[in-house]
Amino acid sequence: MKKYLAVAKATWQEYLAYRTNLFLEVIGGFIAQLVIIAVWFSIFKDLKTEVVGGYSLPEMITYLLGAGIINSFILIASQGDEINDDINQGSLSGFLVKPFSVPLYWLSRDFCRRALTFILGIGEYLVIILILSNYFVFPFSLTNFLVFCLAVFLGGILHFFLFYIFSIIAFWMDQTWGPRFVIRVIMSIATGSLIPLSLFPDTWQLVFNLLPFKFMAYFPLQIYLGKASLTEIILGFSTVLVWISALIGISIWLWGRGLKKYSAYGN
Amino acid sequence: MRKYLKIIWIFSKVNLQNEMAYRPSFFLAVIGKTTRMLILILVFQVIYFNTPLLAGWEYKDIFLLAITYLTIESIIITTFHRNLSYYLPDLIKKGNFDFVLTKPLNPLFYSSFRIIDSMDLTSSFLVIFLWYHYFTHYAGTFSLLSLILYLLLLGLGLIFLFSLLVIIASSAFWTVNATGLGRFFEEIVRTGRFPTDVFKGAFSFLFLYVFPIALIATVPSKAFLGTIDWRYLAYLAVFTFIFTLISKRVWNHALRHYSSASS
Amino acid sequence: MIAISAKNLSKNYEYYKKVPGLFGAFKSLFQREKLITEAVKSISFTVEQGELVGFLGPNGSGKTSTLKMLSGILHPSAGDAKVLDYTPWRRQEEYQKQFAIVMGQKNQLWWDLPAMESFILNKEIYEVPSDQFNKTLNYLADLLDITDILNVPVRKLSLGQRMKCELVAALLHNPKVLFLDEPTIGLDVVSQQKIREFLKKYNQERKTTILLTSHYMEDVVQLCKRVIIISKGRIIYDGNIKELIDRYATNKIVTVTFENDITVDQLSMFGEIIEFDKRRVVLKIPDQKVKENAARILATLPIDDILINEIKVEEIVRHIFQKNR
């Protein structure tokens, strides 16, 4: 554990050098989220109703702000590029001789990056929350908030392993950004960070329920707002754990096969 | 002029060859890019599933706005967007911009169109299909004048975005890592996906006059639908003209800086 | 006819002192210390049409900066230069069509594609007519012996082959002036030799003016009659390479092998001892004394073999650089 903290510390320094770029990316996402908020303000105003699709205006604004904060550490465009490059450009050889687990090394670097973009993003969101404080809903309860945090954390793990799998296929392919790009595109709608998933027509909801993406934003935010029943929470956590276990299982299997190929042919 | 068209043709051909070399990536990219376009339509469908009107826009008009946005986006990502935001900083970082300056070719032209993205070009066919869908399902009657005006404003929007990106890209001559600015630009452009009528107060003023995001999709669509104020159009034309002059100055300044400071 | 002329050409680079630490970085937002490096200090020279001139100097001496000013990449801080009667940094198309620059450490060819694609692009950029393009391409590819690799992706070529393709790309528009910045850097000995032979022949046949920088002495000795030596931004020698050797090579290097062990004392009177081993010695002897001393060594000591050599140009130049430090 200690050595991975050391990795994280070194990574932190490394990424700080790119803070301007990361900050610009985060603030870009922030602006996009503000536009969505403006859209919903406008819809509520036009409809002159208190509730749209089960959401009051403050709930909707809070939902979108929360999704924005979650996005600041999930939706990074280059997710997985580093792993792909390490494998394809041969840095992996250097890591393999060291006494640590390379996947855990990547995981600690990734969470370090998440922490950094979270810090870069949270400031702007806090300012907006202050400005829109009339529309900001506090967590349903302290328990809900804690469970929400846990769900966000699991969503991050899920996200990491999903992209990790589509990065280590670099053992077999020259370019791996293709599948990751498609996932990112689907994620942009299927996490629910633009529109709460419950506002979609039924068929779409059915599709989104079968995908793992809703656990990255929609599910945690339902807990935060107190819109998920206990059964739904338990069911959700069970599902997300199944997803994570499955992804970890696949990734371990792929990693083993990939390493065998890597050491057999070199790179 | 013929020379420049020929060179663009070579750039497109070469890049198609380059990208077809990695066929799986090419097809996934096209799938991803077309999905991304369809998602915008889906977003609007879901919004109109919950409301009949968005900031005064009906669904059939929003559909026009969405495909206008997608048209602009397709044009810029196929041509200058990535060239200026990602490839130019890379060219400068590796020192290969030196060659650009020694060739009998406009450096801005070379920097903007060096890589004509065939993945985006292929995905653009969806836009043509969406236009077909619009004319067969939603379009009402329109005059030839409004169509011409629409095309002119589309061009004005492109000039605005090009100038904006030239200014952003010029910063690459001072900072080593300028890719963050490219991503930032992407998000700015993306705000144009929604009608600027959703903004109120200061934001409305900002996006209409100070930093006319409205030009990306809202204004051309309104012109097509015949609901635009002529005085505002005149303002936009003057604004874009001045903005373009400024961007030209900034670019020249950046080139001068490069040739006095690089080593 | 004069092809290149530089008059008091100077180039300064300005930069700001970096203060370490977060506080320093913050402070430097408001108050920065400006520093200036003088890369090129008022140099003047002219090159005749058709000449092949070597530009010699250690790293950071200002060679590349000078070349970049002559190709219009850099603006000079002071002074003037004319190439083919054009001011390079105006970057006029007429001028750009008449010169080319090749940089050994950078490549302008498309990495993933055959070199041929890059040639075709250059054809359009320089507006070379098709028949002329084909003729030049055949001539160059023949001379460089690369006809068979024109359709191989550049990334699969060896460094030497890639350099040859870079040269072809630069010469397709028949430039009147060619700047070469370290064209043989990193190449193996055979490839270096091939490139040299090509440049020599090309210069003779086409009468192209060539200005070449290198820190491989062999490049310059084999190719150039004239050499300009630059050190810390100043020209310290400009002239015939033979004269350079004559002026500075006032000594000869005498290597003697003996049949028996010998002591230093027995040798020191003949000249300066550079290397000493029991049975082998390397001596530096002034030119006018070489004959006499060699004869005396032969007469007095048990000689196995004796070799008299010129001092290498490399030695001479190193000597000059050391003197100018």
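Reading the values: the criteria
Residues numbered from 1 in each chain as written. Chains lettered and ligands numbered in written order. Predicted model: local features only at pLDDT ≥ 70, side-chain atom pairs only at ≥ 80, totals over all residues. Helix = DSSP H or I, 4+ residues; strand = E, 2+ residues; numbered from the N terminus. Contact = placed C-beta atoms within 7 Å. Buried ≥ 20, exposed ≤ 12 C-beta atoms within 10 Å, placed from the backbone. Pairing = 2+ DSSP bridges. Domains from an automatic or database assignment. Nonpolar A, V, L, I, M, F, W, Y, C, P; charged D, E, K, R; others polar. Axes fitted to C-alpha atoms, helices over the stretch in contact; angles between N-to-C directions.

1. Some remarks on the overall build of chain C
Item 1. The secondary structure content of chain C amounts to 11 helices and 13 strands.
Item 2. Projected onto its principal axes, the C-alpha positions of chain C cover 75 × 60 × 45 Å.
Item 3. Sequence-distant contacts, at least 24 apart, represent 70% of the contacts inside chain C between residues at least 6 apart.

2. Focus: the pairing of strand β11 (residues 272-277) of chain C
The two faces of a sheet get side chains in turn, since along a regular strand they alternate between them.
Residues and elements named next belong to chain C.
Item 1. Burial analysis of β11 places just zero of its six residues in the buried class, a small minority of the element.
Item 2. Pairing of β11 with strand β12 (residues 280-286) involves five bridges; the strand directions are antiparallel. Paired with isoleucine 273 across the bridge in β12 is leucine 283.

3. So, the domain arrangement of chain C
Residue and element names in this part refer to chain C.
Item 1. For chain C, the domain assignment lists domain 1 (2-246) and domain 2 (250-323).
Item 2. Taken over C-alpha atoms, the centre of domain 1 sits 40 Å from the centre of domain 2.
Item 3. Tallying the contact residues gives 10 residues for domain 1 and six residues for domain 2.
Item 4. Taken together, the elements giving at least two residues each to the side of domain 1 that touches domain 2 come down to α8 (217-223), β8 (226-231), β9 (234-240) and α9 (241-248).
Item 5. Residues of the side of domain 1 that touches domain 2, tallied by class, amount to nine nonpolar, one polar and no charged.

4. Re the sheet that holds strand β10 (residues 251-258) of chain C
Residues and elements named next belong to chain C.
Item 1. An order of β11-β12-β10-β13 is seen for the four strands of this open sheet, with the pairing classed as antiparallel. Only two strands of the sheet have a single neighbouring strand rather than two, namely β11 and β13 (303-310). Strand after strand, the sheet turns through a mean of 15° between neighbouring axes, direction not considered.
Item 2. Two strands pair when backbone bridges link them, and β10 and β12 are joined in this way by seven bridges, in the antiparallel orientation. Looking at the pairing, isoleucine 253 lines up with lysine 284 of β12.
Item 3. Here helix α10 (residues 287-300) sits on the sheet and contacts β10, β12 and β13; the angle it forms with β13, its principal contact strand, is near 175°.

5. Remarks on the environment of threonine 37 of chain C
Residues and elements named next belong to chain C.
Item 1. Inspection of the secondary structure puts threonine 37 in strand β2 (residues 34-48).
Item 2. When the 12 C-beta atoms within 10 Å are taken as the criterion, threonine 37 is described as exposed.
Item 3. For threonine 37 and isoleucine 297, which are 260 residues apart along the polypeptide, the C-alpha to C-alpha distance reads 52 Å.
Item 4. Ignoring any residue separated from it by four or fewer positions in sequence, one finds threonine 37 in contact with Asn12 and Tyr13.

6. What to know about the interface of chain A and chain B
Item 1. Listed by partner, the interface residues are 37 residues for chain A and 34 residues for chain B.
Item 2. The element that contributes the greatest number of residues to the side of chain A that touches chain B is helix α2 (residues 19-47) of chain A, accounting for 17 residues.
Item 3. For the side of chain A that touches chain B, the class distribution of residues is 25 nonpolar, nine polar and three charged.

7. Regarding the interface of chain C and chain B
Item 1. Facing the 26 residues of chain C at the interface are 21 residues of chain B.
Item 2. When contributions to the side of chain C that touches chain B are tallied by element, the ones reaching two or more residues are α2 (63-70), α3 (93-96) and α4 (115-125) of chain C.
Item 3. No other element matches the five residues that α4 of chain C contributes to the side of chain C that touches chain B.
Item 4. Its residues placed into classes, the side of chain C that touches chain B shows 11 nonpolar, six polar and nine charged.

8. Remarks on unusual backbone geometry
All names here are of chain C.
Item 1. A positive phi angle is found at asparagine 8, which is not glycine, with a value near 50°.
Item 2. Considering the arrangement of structural elements, one finds asparagine 8 in strand β1 (residues 2-16).
Item 3. The phi dihedral of aspartate 85 is positive, around 70°, even though this residue is not glycine.
Item 4. Position of aspartate 85 relative to the elements: it lies in the loop between β4 (78-83) and α3.
Item 5. For aspartate 85, a count of 11 C-beta atoms within 10 Å translates into the label exposed.

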